[in-house]
Amino acid sequence: MIETRSSRADALPPPAPAQAGIQLSSRWWPALTASLGPRLRGDERIELPSILSASMSRAAAWAIAAFILSGAGGFDTQARAQDAPPGDVANGRSVYLKVNCFQCHGRAGQGGAMNYPAPPLAETSMPFEGFKMVVRESMRDMPAYNEAVLADKDLVDIYAFLQSLPGRRPAKDIAILSD
Amino acid sequence: MKRRSNSPDVARRNFLKGASVAGAAALAAPTAANAIPAPPQPKLKATLPGPLQIAADTQPPNKDPATQTTSGGDFMVDVLKTLEIDYLAMNCASSFRGLHEAIINGENNKLEILTCPHEEIAVAMAHGYAKIEGKPMAMICHGVVGLQHATMAMYNAWCDRVPIYVMGGNIVEANKRMAGAEWVHSAIDIGALTRDFTKWDDQPTSLQHFAESAVRAYKIAMTPPMGPVLLSLDAELQENPIQEAETLRIPKLAKVAPPQGDSGMIAEAAKLLAGAENPVIICDRLARTPAGLARLVELAETLQCAVIDNAGRMNFPARHPLNMSFRRGPVLSQADVILALEMNDLWGVLNQFSDRIVRSYRQVYKKDAKVVTLGSRDLYLKANYQDFARFQEVDLAIAGDGEASLPALTEAVKRLIDEGRKSAYDARGKKLAAARLAMIEQAKSDATLGWDATPITTARMCAEVYAQIKDEDWSLVGNAIRNVWPLRLWDIKKSYQWNGSSGGAGVGYNAPASVGAALANKRHGRLTVAFGGDGDLMFVPGTLWTAAHHRIPLLYVVHNNRAYHQEVMYLTAMAARHGRGVENAHIGTTLTDPNIDYATVARGFGVYGEGPITDPKELAPAIERALAVVKRGEPALIDVVTDPR
């Protein structure tokens, strides 16, 4: 379970100044590992891309951290962001398909891959601010969608669509996943 | 080069030439109108020769005999029989008609011909076969146009370090070529086309030369680092009668011992590994034989260390508690010693690439970590094609076959383990095992996302197949690009349950390689399944006919996303970079309008076909029906319309 709500993230220490990237050193880890669960231990470090800047809010920084780590490790966020702007789910679905988000993240938001894993987005708990940052700036091999190809309004709608998608089910409820 | 005019049959006629001319002179009847009348002929006791006999005896000596009793092709078959080659994949061609005839009619020939409607199919079948069976299949083609068709598949095999025994027919002597096709199908040096991605090639000029080169080629192909080899076979050499058969000798094929790493360097590597706090093993094309799998497990369990498997071979059990292949970021970030076994692109694993306008890499391991490589890659490289990947700075570079060198390394590590270290290792292993269990549960949870969606998710497609084969002696021999679900969900643990990938990422590999692997599995009675992309199958659809024709049992599941999907994503990225037209990325990258009905395509080739399946609820019954076909010894195809990845 990952909690990336802004209230939680804002309580974290400020990110280090970005140059070649931010080193999330051990002082960051108690909070982050509490969020990310057993996949990481307190003595692990990860270098985040330079798009994590000092001017970015903690919410966005943590959202991107979760995004990156979910891509590297293949796990998803669970909690819903509570601060999302209202959006048009139907239009969000249409735009999500039109601009090819689904090609990597799946029509059901189940995730996928390009050259690197593309994390699941169904029921995303990534705060909208972080979500927008990732879409606009991108990372690794993800396309960066600027306003010319994806308006702010459509971005809001896509976010609403993703949050409307059915999330995970207990794997034990699906017999063939029991083995 | 021996020529027809020097063949024993012709020589015998030459020997008779003088006598024939003399007889003709004696028997020739005068024809001139004003000829002097001949004296009366004495009555002959024997019957006069008929007109055919007269013609035969009075015409110039026959330089074009119609029959022969031996051929170079017969000898070539004798040579190939000694090489433990069971199959010859081919698309028939006149430049090897001599050898072809000798194979189908020769005595005690064990080579079985596999008829392939494209040379790329033939080579890729050999590719998939070799990785399951551990030895090469032979392939033969026209040395010019057929070899040009074969090249992509040969490049894949080269990149994947797989032995394939390729032969190409050629007509070396210009004055022996028929006008037209034989000129455009001949070359001075057919091997020039593929020399950048074959280990060795030759164009024998005599049968003894062929025998020696044939055995040499096999030995070179099978010596790590393995790779494809090529023999150019002159048509005259194949077709002409054998001369001086008593002088021909087939060299003995020696057992090949793979090179092992230097013992001093192995000891040094063992010391680093044994003393490390967080050693990590990374491997790619390590396991050449089932022993490779067992040996890696033994080393990993001795150290209780993380293993990252790049899955170029069946190196390490997918569910092993130490398998951290899907947790490589955190594992590498902590590693203090990294052992890379038979890695091709170590840089690509130790650095993360950012495909932005300014392309960049970021190191993902600690700067003071020690890196040790053990592999045969450096023993044979070529310069032109860049499949050797970016240079990775390391601390110890041990040249030697990984599988062959592992026992010595493991024993050296064991000698350094005391009780204190063993306790630390056990604690390390327990942490990793707990993480592995969490990864498996995470994979199952991820698989539930979109479980009932249409198009069908790749997770559901893979889970449905596994549910019906997991209690059989199954073998997964092919996989679609970036389909991670078998490795995340399936209990892949036996040496033949995973067969790597193409090596060169050349499309058109997966379907024929899967059929070749299925052929290898057939004799072992294994249930063979494969996933493959629709784009891949469209390169080589004729593969299905070969599978049907040769009764090769295989369940082939088409991961049909109706696109060359990687390119859809790349084009989207390019359009987004320009801030325009991302919605146009389907142009030139998708396989729609009309949608392709692969089940119908399969049926057209004589293969059982199911689909297109779009409702996930229809998947399990379709798999059940298709598996029934496979279990009675035939191929079957299921067309599953899926989400892109």
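So, a few notes on the structure that sits alongside this text. Counting starts from 1 at the beginning of each chain's written sequence and moves along it residue by residue. To read the labels, note that chains go from A and ligands from 1, taken in the order they are written. pLDDT decides what is reported in this predicted model: residues at 70 or higher carry local features, side-chain atom pairs at 80 or more are listed and counted, and totals for whole chains, interfaces and linings draw on all residues regardless. With hydrogens and water set aside, each side-chain value is computed from the structure's full complement of heavy atoms.

## Some words on the overall build of chain B
1) Next: Helix and strand definitions follow DSSP, with helices as H or I runs of at least four residues and strands as E runs of at least two, each counted in order from the N terminus. Summing up its helical and strand segments, chain B has 23 helices and 18 strands in all.
2) Next: Taken across its 645 residues, chain B has 55% of its residues classed as buried.
3) Next: A fraction of 80% describes how many contacts in chain B between residues 6 or more apart in sequence connect residues 24 or more apart.
4) Next: Element-wise, carbon and sulfur atoms account for 54% of the exposed surface of chain B, whose accessible area totals about 27,500 Å². The classification of residues rests on relative accessible area computed with a 1.4 Å probe and restricted to protein chains. Under 20% of the type maximum is buried, over 50% is exposed, and intermediate values are partly exposed. Residue contacts are defined here by distance: any two heavy atoms, one from each residue, within 4.5 Å place the two residues in contact. Reported accessibility uses the Shrake-Rupley method at a 1.4 Å probe radius. Residues are deemed covered only where the shown protein chains occlude them.

## A look at the pattern of salt bridges
1) Next: Definition used for salt bridges: Asp or Glu carboxyl oxygen within 4 Å of a side-chain nitrogen of Lys or Arg. Following the criterion strictly, the structure yields 37 salt bridges over all chains and no others.
2) Next: With a shortest N-O distance of 2.9 Å, D446 of chain B and R488 of chain B are connected by a salt bridge. In this pair, D446 of chain B is assigned in helix α15 (residues 419-447) and R488 of chain B in helix α17 (residues 485-489), connecting sequence segments 42 residues apart. Each member of the pair D446 of chain B and R488 of chain B is classed as buried.
3) Next: Here the salt bridges share partners, and the residues they tie into one network are R169 of chain A together with D452, R460 and E464 of chain B.

## Considering the interface of chain B and chain A
1) Next: Each partner contributes to the interface: chain B provides 55 residues, whereas chain A provides 52 residues.
2) Next: By definition, the buried area sums, over both parts, the 1.4 Å-probe accessible area that each loses when the two are put together. Between chain B and chain A the total buried area reaches about 4,500 Å² when both faces are included, carbon and sulfur atoms providing 52% of it.
3) Next: It is R356, T448 and L449 of chain B that lose the most area in chain B upon contact with chain A, and together they represent 13% of the buried surface on that side.
4) Next: Where chain B packs against chain A, one counts 3 salt bridges.
5) Next: Two residues, R168 of chain A and D446 of chain B, come together in a salt bridge whose shortest N-O distance is 2.4 Å.

## Details of the sheet that holds strand β12 (residues 370-375) of chain B
Residues and elements named next belong to chain B.
1) Next: Should DSSP find at least two bridges between two strands, the strands are regarded as paired. What the 5 strands build is an open sheet, ordered β8-β7-β9-β12-β13; its pairing is parallel. With partners counted over all chains shown, the strands left at the sheet margins are β8 (306-309) and β13 (396-399), one partner each. Between one strand axis and the next, the sheet turns through 15 degrees on average, direction left out of account.
2) Next: Bridge count for strand β7 (residues 279-283) against β8 is 4 bridges, and the pairing is parallel. What sits directly across from I281, in β8, is V307.
3) Next: Docked against the sheet, helix α11 (residues 290-303) engages β7, β8 and β9 (337-341), running at close to 165 degrees with respect to β7. Inter-axis angles, ranging from 0 to 180 degrees, are taken between N-to-C directions of lines fitted to C-alpha atoms, where helices are fitted over the stretch in contact.

## Things to note about the environment of G588 of chain B
1) Next: Assignment of secondary structure puts G588 of chain B in the loop between α21 (565-578) and α22 (598-604).
2) Next: Placed 24 residues apart in sequence, G588 of chain B and Y564 of chain B show a C-alpha to C-alpha distance of 8.9 Å.

## Describing the sheet that holds strand β14 (residues 474-478) of chain B
All names here are of chain B.
1) Next: If you trace the 5 strands from one edge of the open sheet to the other, you get β14-β15-β16-β18-β17, paired in parallel fashion. The sheet terminates laterally at β14 and β17 (608-613), the two strands that pair on one side only. Neighbour to neighbour, the strand axes of the sheet diverge by 15 degrees on average, direction disregarded.
2) Next: Pairing analysis gives 4 bridges linking β17 to strand β18 (residues 635-641), with the strands arranged parallel. Residue pairing for β18: I613 is matched across the bridge by V640.
3) Next: Each of β15 (527-533), β16 (554-560), β17 and β18 touches helix α23 (residues 619-631); the most contacted strand, β18, lies at about 165 degrees to it.

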